[in-house]
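# Residue-level structural notes
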Amino acid sequence: MAEDPNTWEVETRLVRGGMARTPYGEMSEALFLTQSFAYDSAEAADRRFSGEDPGFIYQRFGNPTTSIFEDRLALLEGAEQCRATASGMAAVQMALMGLLRAGDHLVAGRALFGSCRWIVSELLPRFGVETTYVDATDLSAWRNAVRPNTKAFLVETPANPLLEITDIAAVAQVAKDAGAKLVVDNVFATPVFQKPLALGADVVVYSATKHIDGQGRVLGGAILGGAELMTEAYKDLLRHTGPALSPFNAWVLLKGLETLELRVRRQTENAAKVAEALAGHGKTQQLVWCGRHDHPQAEVIARQMSGGGNVLAFDLGSRDVAWRFLNALEIVDISNNLGDAKSMATHPSTTTHRSMPEAERIEIGLTEGWVRMSVGLEGAGDLVRDVSRALDAA
Ligand SMILES: *Cc1c(COP(=O)(O)O)cnc(C)c1O
């Protein structure tokens, strides 16, 4: 092929990146639902296992459909390599396991997705890894947390559920000075609006379950980074521990990637309109959306994100009002997922963040009046009407 995919526009990368056709010339990527592969001869098997012949061996190691998904996502991200995983949590877990061993120290932003917090607080200590949690918006906190044995930084930005922003380039520099690798969970921004690797991060992780599927069907995840680190830290770990993405799910996610940019942009336009309606309503005490000038870190957002995304959070003052709002919604569902075509809203302190001790919830500012909303692809007028009516009723 004469065209270099690395010169393609985002939309072209999403539709055609990684395309590898079989001799049938199919238009839609082939789904290879196969566990293993046959070799023409014992000699051929020998060459395959030695790595001299780069073909496929076993689904846990790699699969042609999964590999198209990995190559397409890597091309979108601008990463040398991508490894797909069975879920976002498998990606986060493996991203950390590959960088840390007993005696090492991790620094993590304190506003983390619930299961990520469990891994960091409950699982890693069993294997001798200690963690210091920091206010991820405070650069000096990252600096002060560094110890001689700090090997990795973990941050989610925008963070769930209150959309706090971490200055990726600045924290990447602190990590670099400390000799630690920076892992960024880029789910909320999506690969369309934020490129952590270009800002200096070493590893990016996704839950592909969210915007990449975008239609609420399958779980999936991905780890992306430079070829050397991906090989050193992750190749053997992923092969031998088995968090492989199912080729069926890879195929679904591939088709999701084709429309990712379109969907995320429309969701963001809808989010802007819903945010406007919420901000103008007397029951809203505070509203946070990364696309608004009144976001507390709008200046950092302008430097590192090219769009506000589809998630917003707002404080209705008390659990009663928040629950009455949720119960009065007619179009928007009460659900804890995000990035779906269907809009949904959730009450984080009793759902996604209920396992976080109350003191820690207060520390990140998550009081009981907060509602998180993932804005979908319905008509903006219908969404604004639904949200406004539910606010009136609350
Ligand atoms: C959903 C989510 C995860 C976990 O992904 P799963 O696919 O559900 O395992 C991790 N991080 C963030 C920020 C998420 O939103």
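It should be emphasised that the depicted structure is a prediction, and the values quoted were computed from it without experimental measurement.

Tallied over the full model, the rule gives five aromatic pairs. Positioned above the aromatic ring of Y133 is the side chain of R117, whose terminal nitrogen or guanidinium carbon lies 4.2 Å from the ring centre.

Along the chain, T346 falls in strand β11 (residues 344–346). When sequence neighbours within four positions are dropped, the list of residues in contact with T346 reads L326, S335, N336, T351, W370, V371 and R372.

Attention now goes to the pattern of salt bridges. Applying the stated rule across the entire model yields 22 salt bridges. A salt bridge links E130 to R147; the nearest nitrogen and oxygen atoms lie 3.0 Å apart. Taken together, the residues span a long stretch of sequence, with E130 in strand β3 (residues 130–134) and R147 in the loop between α6 (139–145) and β4 (150–156) at a distance of 17 residues. Given the relative accessible area of 33%, R147 is considered partly exposed. Look at the salt bridges and you will find they share partners, linking E29, R72, K255 and E258 into a network.

Let us now look at the layout of surface pockets. Regions of empty space are outlined by a rolling probe, equal in size to a water molecule, passed over the atoms. Approximately 880 Å³ is the volume attributed to the largest pocket. Lining the largest pocket we find 34 residues, and of these F56, F61, G62, E70 and R83 sit closest to its centre. At the level of elements, α2 (42–50), α3 (64–77), β1 (81–85) and α9 (227–241) are the ones that each hand at least two residues to the lining of the largest pocket. In terms of residues, the lining of the largest pocket owes the most to one element, α3, which gives six residues. Its residues assigned to classes, the lining of the largest pocket comprises 14 nonpolar, eleven polar and nine charged. Estimated volume of the second largest pocket: approximately 360 Å³. Lining the second largest pocket are 25 residues; nearest its centre among them are M89, F113, S115, S207 and K210. At the level of secondary structure, the elements contributing two or more residues to the lining of the second largest pocket comprise α4 (88–97), α5 (114–126) and β6 (203–207). A breakdown of the residues in the lining of the second largest pocket according to their chemical character gives ten nonpolar, eleven polar and four charged. Both domains that furnish three or more residues to the lining of the second largest pocket are identified here as domain 1 (5–258) and domain 2 (261–393).

So, about the UniProt feature "modified residue: N6-(pyridoxal phosphate)lysine" (unreviewed entry) in the chain. The feature "modified residue: N6-(pyridoxal phosphate)lysine" (unreviewed entry), as annotated in UniProt, sits at K210 in this numbering. Its place among the elements puts K210 in the loop between β6 and β7 (221–225). We classify K210 as buried; its relative accessible area is 12%. Once residues lying within four places of it in the same chain are set aside, the contact partners of K210 are F113, V187, N337, L338 and G339.

The two faces of a sheet get side chains in turn, since along a regular strand they alternate between them. Counting buried residues in β4 gives six out of seven residues, a clear majority hidden from the surface. Summarising the sheet, strand β2 (residues 105–109) and β4 pair through four bridges and their orientation is parallel. Residue pairing for β4: V107 is matched across the bridge by F153. Alignment of β4 against strand β5 (residues 181–185), held across five bridges, turns out to be parallel. Paired with V155 across the strands is V184, a residue of β5. This β-α-β element, β4 to helix α7 (residues 168–178) to β5, shows right-handed connectivity.

All right, on to the site of the ligand then. Neighbouring the ligand are the residues S87, G88, M89, F113, E156, D185, V187, F188, S207, T209, K210 and G220. At a separation of 2.8 Å, an oxygen atom of the ligand approaches a polar backbone atom of G88. Backbone polar atom of M89 to an oxygen atom of the ligand: 2.8 Å apart, as the coordinates give it. With the chains in place, 92% of the 380 Å² that the ligand exposes on its own is no longer accessible.

Attention now moves to α3. Working note: α-helix, 3.6 residues per turn, so residues spaced by three or four point in the same direction. Counted at 1.5 Å a residue, the expected span for α3 with its 14 residues is 20 Å, and the 20 Å between its end C-alpha atoms agrees. Most of α3 sits inside the fold, with 13 of its 14 residues counted as buried. Just downstream of α3 lies G78, where phi reads positive at about 75°.

Now for the environment of A141. Residue placement: A141 occurs in helix α6. Along the backbone, A141 and V107 are 34 residues apart, and their C-alpha atoms lie at a distance of 9.8 Å. When sequence neighbours within four positions are dropped, the list of residues in contact with A141 reads V134 and D135.

Taken in spatial order, the five strands of this open sheet run β8-β9-β12-β11-β10, and their pairing is mixed. Of all the strands in the sheet, just β8 (286–288) and β10 (333–334) have a single pairing partner and so form its edges. Note that β10 and β11 share two bridges and pair parallel. Note on β11: the bridge partner recorded for D333 is M344. Contacting β8, β9 (311–315) and β12 (370–374), helix α11 (residues 260–279) runs over the sheet at an angle of about 5° to β9.

Turning our attention to α5. The end-to-end C-alpha distance of α5, which contains 13 residues, comes to 18 Å, matching closely the 18 Å that a straight helix rising 1.5 Å per residue would cover. At V120, α5 shows its largest kink, close to 30°. Each element contacted by the buried residues of α5 is listed here: α4, β2, β3, β4, β5 and α14 (358–363). Count one or two residues on from α5 and you reach G128, which has phi positive near 80°.

Rules used in this analysis
Residues numbered from 1 in each chain as written. Predicted model: local features only at pLDDT ≥ 70, side-chain atom pairs only at ≥ 80, totals over all residues. Heavy atoms only, no water. Phe/Tyr/Trp six-rings, centres within 6.5 Å; stacked < 30°, edge-to-face > 60°. Lys NZ or Arg CZ within 6 Å of the ring centre and 35° of its normal. Helix = DSSP H or I, 4+ residues; strand = E, 2+ residues; numbered from the N terminus. Contact = heavy atoms within 4.5 Å. Salt bridge = Lys/Arg side-chain N within 4 Å of Asp/Glu carboxyl O. Buried < 20%, exposed > 50% of the residue type's maximum accessible area, 1.4 Å probe, protein only. 1 Å grid on protein atoms, 1.4 Å probe; cavity = no way out; pocket = protein on both sides within 12 Å on 5 of 7 lines; lining within 4 Å. Points joined across faces, edges and corners; volume = space filled by probe spheres on them. Nonpolar A, V, L, I, M, F, W, Y, C, P; charged D, E, K, R; others polar. Domains from an automatic or database assignment. UniProt positions renumbered as here; feature names shortened; annotations may be inferred. Pairing = 2+ DSSP bridges. Right-handed = clockwise from strand over helix to strand, strands pointing away. Near = heavy atom within 4 Å. Polar contact = N/O pair within 3.5 Å; in protein donor to acceptor, adjacent residues only side chain to side chain. Areas by Shrake-Rupley, 256 points an atom, 1.4 Å probe, with all protein chains shown as cover. Expected span 1.5 Å × (residues − 1). Axes fitted to C-alpha atoms, helices over the stretch in contact; angles between N-to-C directions. Bend = angle between axes of the 7 residues up to and from the residue.

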